[in-house]
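Each chain is listed here by its residues.
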Amino acid sequence: VQLQASGGGLVQAGGSLRLSCAASARTFSRYVMGWFRRSPGKDREFVAAITWSGGTTYYADSVKGRFTISRDNAKNTVYLQMNSLKPEDTGVYYCAADLGAVIISTNENEYDYWGQGTQVTVSS
């Protein structure tokens, strides 16, 4: 399974970006999909995830109410809409796939496949 993340960039605080992650797998719909990020000087952390059906989502407290994760199984793509961005949202954002999962995990070790990351920089 190959994951290709895109959509990062430079944006001012308060702005928006939409990240996309395209998956190569025909069985994409069987994966829980997640987004993680690594901010400067910090470990990689969970941001958001969505079940295969899209019926359940989960967010880190730091992004709740500002970020929205969604997926289009017909396009093998998961999205992360990021609004009201803050400088502390700066980092490299990674999409990840958890094969066969039925519940969402915030533990990066549970995810089987990872994209290459896309840089998000929020200026103050």
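Because the structure is a prediction, the values reported are computed rather than measured. (Residues numbered from 1 in each chain as written. Predicted model: local features only at pLDDT ≥ 70, side-chain atom pairs only at ≥ 80, totals over all residues. Heavy atoms only, no water.)

**Q** In this structure, what is going on with the nonpolar core? I would like to understand it.
**A** Where a protein is soluble and globular, its nonpolar side chains tend to be buried together. Core analysis: the biggest nonpolar cluster contains 35 residues, and Trp35, Leu80, Met82 and Tyr93 have the highest contact counts within it. Mapped by element, the contributors of at least two residues to this core are strand S1 (3-6), strand S3 (17-23), strand S4 (31-38), strand S5 (44-50), strand S7 (67-72), strand S8 (77-82), strand S9 (91-99) and strand S11 (118-123). The residues contacting Leu80, other than those within four sequence positions of it, are Leu17, Arg18, Leu19, Trp35, Val47, Ala48, Phe67, Thr68, Ile69 and Tyr93. (Core = buried A, V, L, I, M, F, W, Y, C linked by side-chain atoms within 4.5 Å. Buried < 20%, exposed > 50% of the residue type's maximum accessible area, 1.4 Å probe, protein only. Helix = DSSP H or I, 4+ residues; strand = E, 2+ residues; numbered from the N terminus. Contact = heavy atoms within 4.5 Å.)

**Q** I keep staring at the sheet that holds S7 and nothing clicks. Help me out?
**A** Within a sheet, adjacent strands bond to each other through the backbone by hydrogen bonds, running parallel or antiparallel. The four strands lie next to each other as S1-S3-S8-S7, forming an open sheet whose pairing is antiparallel. Two strands close off the open sheet at either side, each with one partner strand: S1 and S7. Neighbouring strand axes in the sheet, compared pairwise and without regard to direction, differ in orientation by 15° on average. Sheet topology places S7 next to S8; six bridges connect them, and they run antiparallel. When the sheet's bridge partners are listed, Asp72 is paired in S8 with Thr77. (Pairing = 2+ DSSP bridges. Axes fitted to C-alpha atoms, helices over the stretch in contact; angles between N-to-C directions.)

**Q** Quick question: what am I supposed to make of the environment of Gly8 here?
**A** Mapped onto the elements of the fold, Gly8 is located in the loop between S1 and strand S2 (9-12). Since its relative accessible area comes to 32%, Gly8 is described here as partly exposed. Separated by 109 residues in the primary sequence, Gly8 and Gly117 have C-alpha atoms spaced 8.9 Å apart. Not counting the four nearest positions on each side in its chain, Gly8 is found in contact with Leu17, Leu19, Thr118, Gln119 and Val120.

**Q** I would appreciate a short explanation of the environment of Gly55 in the present structure.
**A** Relative to the assigned elements, Gly55 resides in the loop between S5 and strand S6 (57-59). With relative accessibility at 65%, the residue Gly55 sits in the exposed group. Separated by 15 residues in sequence, Gly55 and Ser70 have C-alpha atoms that sit 9.5 Å apart.

**Q** I would appreciate a short explanation of the side chain of Arg37 in the present structure.
**A** In this structure, Arg37 sits in strand S4. On the accessibility criterion, Arg37 (4% relative accessible area) is buried. Side chain to side chain, Arg37 and Glu45 meet in a polar contact 2.7 Å long. Side chain to side chain, Arg37 and Asp89 meet in a polar contact 2.9 Å long. Excluding residues that lie within four positions of it along the chain, Arg37 makes contacts with Asp43, Arg44, Glu45, Val47, Ser62, Val63, Phe67, Glu88, Asp89, Val92 and Tyr93. (Polar contact = N/O pair within 3.5 Å; in protein donor to acceptor, adjacent residues only side chain to side chain.)

**Q** Which parts of the structure should I look at to understand the pattern of salt bridges?
**A** Once the charged atoms of two side chains with opposite charge are near each other, the side chains can pair. For the coordinates displayed, the defined rule picks out five salt bridges. The salt bridge involving Asp61 is made with Lys64; its shortest N-O contact spans 3.0 Å. For Asp89, the salt bridge is made with Arg66, and the minimal N-O distance between the two is 2.7 Å. You can see Asp89 sitting in the loop between S8 and S9 and its partner Arg66 sitting in the loop between S6 and S7, a full 23 residues away along the chain. Arg66 carries the same exposure label as Asp89, and that label is buried. Overlapping salt bridges bring together Arg37, Glu45, Arg66 and Asp89 as one network. (Salt bridge = Lys/Arg side-chain N within 4 Å of Asp/Glu carboxyl O.)

Everything listed is a geometric property; what it means functionally is a separate question.
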